2 protein chains.
Amino acid sequence: MNKKFEEKTISTEPIYNGRIIKVQKDLVTLPNGKTASRELVKHPGAVGIIPITAGGKLIVVEQYRKALERSLIEIPAGKLEPGEKPATTAIRELEEETGMGANQFDYLQTIATSPGFANEEIHLFIARDLYKIAQPASLDEDEFVELMEIDLEEAEAMIANGAISDAKTVIAVMWMRLNIQSIKK
Amino acid sequence: MNKKFEEKTISTEPIYNGRIIKVQKDLVTLPNGKTASRELVKHPGAVGIIPITAGGKLIVVEQYRKALERSLIEIPAGKLEPGEKPATTAIRELEEETGMGANQFDYLQTIATSPGFANEEIHLFIARDLYKIAQPASLDEDEFVELMEIDLEEAEAMIANGAISDAKTVIAVMWMRLNIQSIKK
């Protein structure tokens, strides 16, 4: 692991131990020997799934995001449960959010979303050869989402006009454009 | 602004008022009338700059990210100061982190990085026609970064092998590939 310019921890002040996030303030030694403080959010990590239909459309969900006080259009995603492998989370979240399974699940890459203050990393998967699950597991009781299928040109237009702004979803759409030959049959 | 499935705030419990982030726990009314709690991180927002050299290379910085306990390779970026316009932040941060100015600054798009728990949005700009500033403004005293110029193929290989994982930087590299005709002279 790359430790260039490492900031060594002098002390950690726990600030909040929530249901999803933990917040702490670390006092660190900088590379020049001085000290500084770092406000840090610890998050369990998440997966994002890029579900592509046989017709080459992307399945997205619209949901309200309280942090931003508006609803966003995003690829299906969800937090890792303790000890859960990302591939397992991805299968579960795809089922819960879309009612679908996938005969082809491919790991794409892992992204760090907000490295300046949070350790959240999202593991991205491509889901293809989708099928409807007869009795899918349902969403958490505090989740409300609306499903949409959008084609690539529509998704790109939505990025251009700001209707899609979620980072993982922007990456999903760019990936589709760069891999257009693999998304249409 | 899209308010579908809006979660109305019943009460807000302030948890932490830090130098950079604020943390709060909101009690909300869900679309079905039930209540739920939301753990929220408020962040001032940031810019990310995609500086492209005359030779079509991307300028990136390597820096230690305490939240992740490792150093990351990222496009130059920085937080908005109160009341500052993103374009102003972008010019300032490019100068501080790279010692460069740009004769051509173009707004690309704004991304929401972690909508599940944080309101951080990053405004992305493309910086071209770069020039060295004789006496550039310096970094904040707790910032240590190393500059690198990488060509597109190298950047793509670094995404593939995990050496680049920062979301805004992944978007920057994908943008370059999709706009290859505009980055080489």
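Source: prediction; values computed, not measured.

Here we come to the overall build of chain A. Within chain A one finds 4 helices and 10 strands. Overall, the C-alpha framework of chain A stretches about 60 × 35 × 30 Å when taken along its three principal axes. Contacts spanning at least 24 positions in sequence make up 55% of the contacts within chain A whose residues lie at least 6 apart. For chain A, the accessible surface area stands at approximately 8100 Å², while carbon and sulfur atoms represent 50% of it. Taking the average place of the 22 positive charges on the side chains of chain A and the average place of its 29 negative ones, the gap between the two points comes to 7 Å.

The partner chain B presents 72 residues to the 72 residues of chain A that form the contact. Interface area, chain A with chain B, both sides summed: about 6300 Å², of which 60% is carbon and sulfur. In this assembly, chain A and chain B are joined by 8 salt bridges. Salt-bridge contacts for B:E121 lead to A:R70; the nearest nitrogen and oxygen are separated by 3.0 Å. At the surface where chain A touches chain B, the tally comes to 35 residue pairs in polar contact (both at pLDDT 80 or more). Here the side of chain A that touches chain B gets 8 residues from one element, more than from any other, and that element is helix α3 (residues 167-178) of chain A.

Here we come to the UniProt feature "domain: Nudix hydrolase" (unreviewed entry) in chain A. The sites that UniProt annotates as "domain: Nudix hydrolase" (unreviewed entry) are residues 42-172 of chain A. Annotated as residues 42-172 of chain A, this span is 21% helix and 41% strand, and its ends, taken at the C-alpha atoms, are 25 Å apart.

Scored by pLDDT, chain A comes out at a mean of 96, with 99% of its residues at no less than 70. Interface confidence for the predicted complex, expressed as ipTM, amounts to 0.97; the pTM equals 0.97.

Let us now look at the relation of the copies chain A and chain B. Superposition of chain A onto chain B requires a rotation of 180° combined with a translation of 0.0 Å along the rotation axis, giving an RMSD of 0.0 Å. Such values leave the two copies arranged in the relation of a two-fold axis. Of the C-alpha atoms belonging to chain A, the one lying closest to the rotation axis is found on A:T113, 2.7 Å away. Of all interface residues in chain A, 100% are interface residues in chain B too; the two copies therefore contact each other through one and the same surface.

Right, let's get into the nonpolar core. Residues A:L58, A:I171, B:L58 and B:I171 are the most contacted members of the largest nonpolar core, which totals 52 residues. With residues near it in sequence (within four places) discarded, A:I171 still touches A:I111, A:L124, B:A167, B:V170, B:I171 and B:M174. Judged by nonpolar contacts, the second largest core, of 12 residues, contains A:V41, B:I21, B:V23 and B:F117.

Here we take up the domain arrangement of chain A. All names here are of chain A. As assigned here, chain A comprises domain 1 (8-42) and domain 2 (46-183). The gap between the C-alpha centroids of domain 1 and domain 2 is 31 Å. Facing the 6 residues of domain 1 at the interface are 5 residues of domain 2. With both sides pooled, the region where domain 1 packs onto domain 2 buries about 400 Å², and carbon together with sulfur makes up 51% of that total. Linking domain 1 with domain 2 are 0 salt bridges, by the criterion used here.

All names here are of chain A. With 13 residues, helix α1 (residues 86-98) extends 18 Å between its outermost C-alpha atoms, agreeing within 8% with the 18 Å of an ideal straight helix rising 1.5 Å per residue. Of the residues making up α1, those classed as buried are T89, A90, E93, L94, E96, E97 and T98. The inward-facing, buried residues of α1 contact β4 (46-51), β5 (58-65), β7 (77-79), β8 (100-112), β9 (121-132) and β10 (145-150). Trailing α1 by a residue or two, G99 shows a phi angle of about 75°, which is positive.

Quick look at the packing of α3(A) against helix α3 (residues 167-178) of chain B now. Geometrically, a packed helix pair is captured by the angle between its two axes and the distance between the axes. Interhelical geometry of α3(A) versus α3(B) gives an angle of 25° and a closest axis separation of 10 Å. On the basis of the axis angle, α3(A) is roughly parallel to α3(B). The interaxial crossing formed by α3(A) with α3(B) has left-handed handedness. Facing α3(A), whose interface residues are A:A167, A:V170, A:I171, A:M174, A:W175, A:R177 and A:L178, α3(B) presents B:A167, B:V170, B:I171, B:M174, B:W175, B:R177 and B:L178. Classifying every residue of the contact of α3(A) with α3(B) by side-chain character gives 12 nonpolar, no polar and 2 charged.

Okay, the packing of aromatic side chains next. Summed over all chains, the structure comprises 6 aromatic pairs over all chains. Geometrically, the ring pair formed by A:F105 and A:F125 is edge-to-face, given 6.3 Å between the ring centres and 75° between the ring planes. Pair noted here: A:F105 is in strand β8 and A:F125 is in strand β9, with a separation of 20 residues, a long-range link. Residues B:Y107 and B:F125 carry aromatic rings whose centres are separated by 5.6 Å and whose planes lie at 65° to one another, so their mutual orientation is edge-to-face. A residue pair is termed long-range when its members are at least 10 positions apart, and B:Y107 in strand β8 (residues 100-112) and B:F125 in strand β9 (residues 121-132) qualify at 18 residues. Judged by relative accessible area, B:Y107 falls into the partly exposed class, the value being 49%. Through a chain of ring-to-ring contacts, three or more aromatic side chains come together here, namely A:F105, A:Y107 and A:F125.

Residues and elements named next belong to chain B. Residue placement: H123 occurs in strand β9. A relative accessible area of 17% means that H123 is categorised as buried. At 2.9 Å, the side chain of H123 forms a polar contact with the side chain of T110. Look past the residues within four positions of H123 in its chain and what remains in contact with it is A46, V47, G48, L80, P86, Y107, Q109 and T110.

Rules used throughout
Along each chain, the written sequence defines residue order, and numbers are assigned to residues from 1. Chain letters and ligand numbers both follow the written order, the letters beginning at A and the numbers at 1. pLDDT decides what is reported in this predicted model: residues at 70 or higher carry local features, side-chain atom pairs at 80 or more are listed and counted, and totals for whole chains, interfaces and linings draw on all residues regardless. The side-chain figures draw on all heavy atoms in the structure; neither hydrogens nor water molecules are used. Every helix listed is a DSSP run of H or I at least four residues long, and every strand listed is a run of E at least two residues long, numbered separately from the N terminus. Contact between two residues is taken to exist if any of their heavy atoms lie within 4.5 Å; hydrogens are not considered. Reported accessibility uses the Shrake-Rupley method at a 1.4 Å probe radius. Residues are deemed covered only where the shown protein chains occlude them. Only four residue types enter the tally: Lys and Arg on the positive side, Asp and Glu on the negative side; His and the chain ends are excluded. Taken as the charge location is NZ of Lys, CZ of Arg, CG of Asp or CD of Glu. Throughout, the accessible surface (probe 1.4 Å) given up by two parts as they are put together, summed over both, is called the buried area. Salt-bridge detection follows one rule: a side-chain nitrogen of Lys or Arg within 4 Å of a carboxyl oxygen of Asp or Glu. Two N or O atoms form a polar contact when they lie within 3.5 Å of each other; inside protein one atom must be a possible hydrogen donor and the other a possible acceptor, and for residues adjacent in sequence the pair counts only when both atoms belong to side chains. UniProt positions are given in the numbering used here, feature names are shortened, and annotations may be inferred rather than shown by experiment. A score from 0 to 100, pLDDT tells how confident the predictor is in each residue. What sets the superposition is a least-squares fit of C-alpha atoms, and only residues with pLDDT of at least 70 in both copies go into it. Definition of nonpolar core: a set of buried residues of the types Ala, Val, Leu, Ile, Met, Phe, Trp, Tyr and Cys, connected through side-chain atoms within 4.5 Å. Exposure categories follow from relative accessible area, calculated using a 1.4 Å probe and restricted to protein chains: below 20% of the type maximum is buried, above 50% is exposed, and the middle band is partly exposed. How far each domain reaches was decided by an automatic or database domain assignment. Residue count minus one, scaled by 1.5 Å, sets the expected span of a helix. Comment: axis = line fitted to C-alpha atoms, over the contacting stretch for helices; angle = value between 0 and 180 degrees taken between N-to-C directions. Convention used here: angles under 35 degrees read as roughly parallel, angles over 145 as roughly antiparallel, angles from 65 to 115 as roughly perpendicular, and any remaining angle as oblique. Two helices crossing with the near one rotated counterclockwise from the far one by less than a right angle form a left-handed crossing, whereas a clockwise rotation gives a right-handed crossing. Asp, Glu, Lys and Arg are counted as charged, while Ala, Val, Leu, Ile, Met, Phe, Trp, Tyr, Cys and Pro are counted as nonpolar; the rest, among them Gly, fall into the polar class. Pairing of aromatic rings covers Phe, Tyr and Trp, the last counted by its six-membered ring, and requires centre-to-centre distances within 6.5 Å; plane angles under 30 degrees mean stacked, over 60 mean edge-to-face, and any other angle means tilted.

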